[in-house]
Amino acid sequence: MAEDPNILFEQQGRIGMVTLDRPKALNALTLGMIEALHAKLEEWREDSVVQAVVIRGTGPKAFCAGGDVRAVYDAGREGSDLTQRFFHQEYSLNRTIKHYPKPFVALLDGITMGGGMGVSIHGRYRIATEKTLMAMPETAIGFFPDVGGSYFLSRLQEPVGLYLALTGARLDAADALHTELATHYIPSDRLEEVVHQLSALDIVEDEPWTWDAQVAEVLVRHSDVPGDSTLAGDHREIERHFGQESVGAVMDSLREDNSDWANEHFDTLQKRSPTSLIISFEELRRAANLDFDSCMRMEYRMSQACMAGHDFYEGIRAVLVDKDHAPKWVPADLTEVTQEMVQAHFRPLGEDELAFD
Ligand code: QUE
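Residues numbered from 1 in each chain as written. Predicted model: local features only at pLDDT ≥ 70, side-chain atom pairs only at ≥ 80, totals over all residues. Heavy atoms only, no water.

Some thoughts on the overall build of the protein chain
- Helices and strands together make up the secondary structure of the protein chain, namely 17 helices and 9 strands.
- On the principal axes, the C-alpha backbone points of the protein chain span a range of 60 × 45 × 40 Å.
- Here the protein chain holds 357 residues, and the buried ones make up 55% of them.
- When contacts within the protein chain are restricted to residue pairs at least 6 apart in sequence, those whose partners lie at least 24 apart make up 73%. (Helix = DSSP H or I, 4+ residues; strand = E, 2+ residues; numbered from the N terminus. Buried < 20%, exposed > 50% of the residue type's maximum accessible area, 1.4 Å probe, protein only. Contact = heavy atoms within 4.5 Å.)

Structural data, given as structure tokens:
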């Protein structure tokens, strides 16, 4: 059994409880945590005592802020193969959660970004609280929405997924419910009781088709109604400006409008990596016609192209290393991103292809 000091596993009655336990790093996922979680899910898949899996994070701030991209940055600069292994293992775990046969419940009681979305959104139940803050912010670090983002963003009501992918906009509980990225809203102070009731479920072991309804019943019983969704209120603006046929056209639309909303979003996009914006646009366009596993293969190709490029390292430097938040993107302008540069992110990798086993 793979073990890791930053992730805890407990069996509480009928549930397998996972706790991401790296609070100083906002529970960001290391390769060790990813491998340990994957191994434990495979063990619990076969364990007839475990009726459902619950995942949560330690500490008051975060469920999980993402992947340990700082380690990936160091690896890329040193030529270590962690740049391949990290994404390969992370995306394989995302796939296992997507296809997991038992109810999988994520308690999103805090920051849930990037890699944190990947270990929650693909599960059957995603619980938002008043502390939930969700985002796919990768265009700010010269990357693209990965961990299955191509799949789930391209399946939101258009063009909301593109809006979230390009801007990295943050969602609160009301927004998360509105988009159906969250399935339930439960106030944070009720989660302990929810976990207790799930652990105490009395099940018929050879009738696994009844487990899901039992879990859902506990969740619904504690659910409440969040306030109004800002995202829902912005729908007209999002449709008008993001329902365009290219990133350049989105930018033109925002520039010409000159409302506060348009100006604010224009300024946000100006700070993002131009390459990231354009490959993310192409990613979502392609993903609409791909099944989940094909989306993950595409994302793996994209991740490896980013590892061979410039902006990921510059983004991590600016946000997580030097923290000057002043990245110098190359190319610096949307118009300088060529078709050849874009296509290079979608090319098959030959013998280095992501293989699921
Ligand atoms: C955009 C991102 C990430 C980010 C910040 C961004 C991201 C990510 C982290 C992160 C946060 C805390 C950590 C850590 C990583 O920050 O993907 O290791 O301790 O993982 O603006 O995409």
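Now that the structure has been shown, the text picks up again.
A short note on unusual backbone geometry
- Note that the residue after Glu 158, namely Pro 159, is joined by a cis bond; omega there is -5°.
- Summarising the element assignment, Pro 159 is placed in the loop between α5 (149–154) and α6 (160–167).
- A cis amide bond links Val 330 to the next residue, Pro 331, at an omega of -5°.
- With respect to the helices and strands, the residue Pro 331 is situated in the loop between α16 (311–321) and α17 (339–343).
- Positive phi outside glycine occurs at Lys 323, with the angle close to 55°.
- Mapped onto the secondary structure, Lys 323 falls in the loop between α16 and α17.

Some points on helix α9 (residues 211–222)
- Between its first and last C-alpha, α9 extends 18 Å over 12 residues, near the 16 Å set by a 1.5 Å rise per residue.
- Here α9 has its buried residues at Trp 211, Val 215, Ala 216, Val 218, Leu 219 and His 222. Down the axis of α9, the smallest arc covering the buried residues is 155°, so these residues share one side. The outward face of α9, more than 90 degrees from its buried face, is lined by the exposed residues Ala 213 and Val 220.
- As for α9, its buried residues are in contact with β3 (52–57), β5 (104–108), β7 (125–128), β9 (184–185) and α8 (191–199). (Expected span 1.5 Å × (residues − 1). Arc of directions from axis to C-beta.)

So, the sheet that holds strand β8 (residues 133–135)
- In space, the 3 strands of this open sheet follow the order β4-β6-β8, with parallel pairing throughout. Each edge of the open sheet carries a strand with a single partner, namely β4 (62–64) and β8. Going from strand to strand, the sheet's axes swing by 15° on average, the running direction of each strand aside.
- Strand direction decides the pairing type here: strand β6 (residues 111–113) and β8, joined by 3 bridges, are parallel. (Pairing = 2+ DSSP bridges. Axes fitted to C-alpha atoms, helices over the stretch in contact; angles between N-to-C directions.)

Regarding the sheet that holds β5
- Spatially, 6 strands are ordered β1-β2-β3-β5-β7-β9 in an open sheet, and the strand pairing comes out mixed. The open sheet is flanked by β1 (7–12) and β9, the only strands paired with a single partner.
- As paired elements, strand β2 (residues 15–20) and β3 share 6 bridges and run parallel to each other. The partner of Leu 20 across the bridge, within β3, is Gly 57.
- Strands β1, β2, β3 and β5 of the sheet are contacted by helix α1 (residues 31–46), whose axis makes an angle of about 20° with β1.
- Where α8 meets the sheet, it contacts β1, β2, β3, β5 and β7, and its direction lies at approximately 145° from that of β2.

Some thoughts on the site of the ligand
- Residues in close proximity to the ligand total 13 residues, the closest being Ala 25, Gly 66, Gly 67, Pro 137 and Ile 141.
- Considered on its own, the ligand offers 460 Å² of accessible surface; in the complex 84% of this is hidden by protein.
- A breakdown of the residues in the shell around the ligand according to their chemical character gives 9 nonpolar, 2 polar and 2 charged. (Near = heavy atom within 4 Å. Areas by Shrake-Rupley, 256 points an atom, 1.4 Å probe, with all protein chains shown as cover. Nonpolar A, V, L, I, M, F, W, Y, C, P; charged D, E, K, R; others polar.)

Brief notes about the pattern of salt bridges
- Under the definition given, this model contains 20 salt bridges.
- Measuring nitrogen to oxygen at the nearest pair gives 3.2 Å for the salt bridge that ties Arg 190 to Asp 224. With Arg 190 in the loop between β9 and α8 and Asp 224 in the loop between α9 and α10 (230–233), this pair connects stretches of sequence that are 34 residues apart.
- A single salt-bridge network, built from bridges that share partners, covers Glu 314, Arg 317, Asp 322 and Asp 324. (Salt bridge = Lys/Arg side-chain N within 4 Å of Asp/Glu carboxyl O.)

With respect to the environment of Thr 112
- As for its position among the elements, Thr 112 is in strand β6.
- Relative accessible area serves as the criterion here: at 0%, Thr 112 is assigned to the buried category.
- Along the backbone, Thr 112 and Gln 214 are 102 residues apart, and their C-alpha atoms lie at a distance of 26 Å.
- Ignoring anything within four residues of it in the chain, the contact list for Thr 112 reads Phe 63, Cys 64, Met 117, Ser 120, Leu 133, Met 134 and Ala 135.
- Separated by 3.2 Å, the side chain of Thr 112 and the backbone oxygen of Gly 110 make a polar contact. (Polar contact = N/O pair within 3.5 Å; in protein donor to acceptor, adjacent residues only side chain to side chain.)

Side note on the environment of His 241
- Here His 241 lies in helix α11 (residues 235–242).
- Taking the relative accessible area as the measure of exposure, His 241 reaches 0% and is therefore buried.
- A sequence separation of 115 residues divides His 241 from Phe 356, and the C-alpha atoms of the two residues are 38 Å apart.
- Discounting chain neighbours no more than four positions away, the residues touching His 241 are Val 250, Ser 253, Leu 254, Asp 257, Trp 261 and Ala 262.

As for the pairing of β2
- Across the 6 residues of β2, 6 count as buried, placing the element largely inside the fold.
- Alternating residues of β2 divide into Ile 15, Met 17 and Thr 19 and Gly 16, Val 18 and Leu 20, and every residue in both groups is buried.
- Pairing analysis gives 6 bridges linking β1 to β2, with the strands arranged antiparallel. Note that in β2 the partner of Leu 8 across the bridge is Thr 19.
- Handedness of the β-α-β unit built from β2, α1 and β3 comes out right-handed. (Right-handed = clockwise from strand over helix to strand, strands pointing away.)

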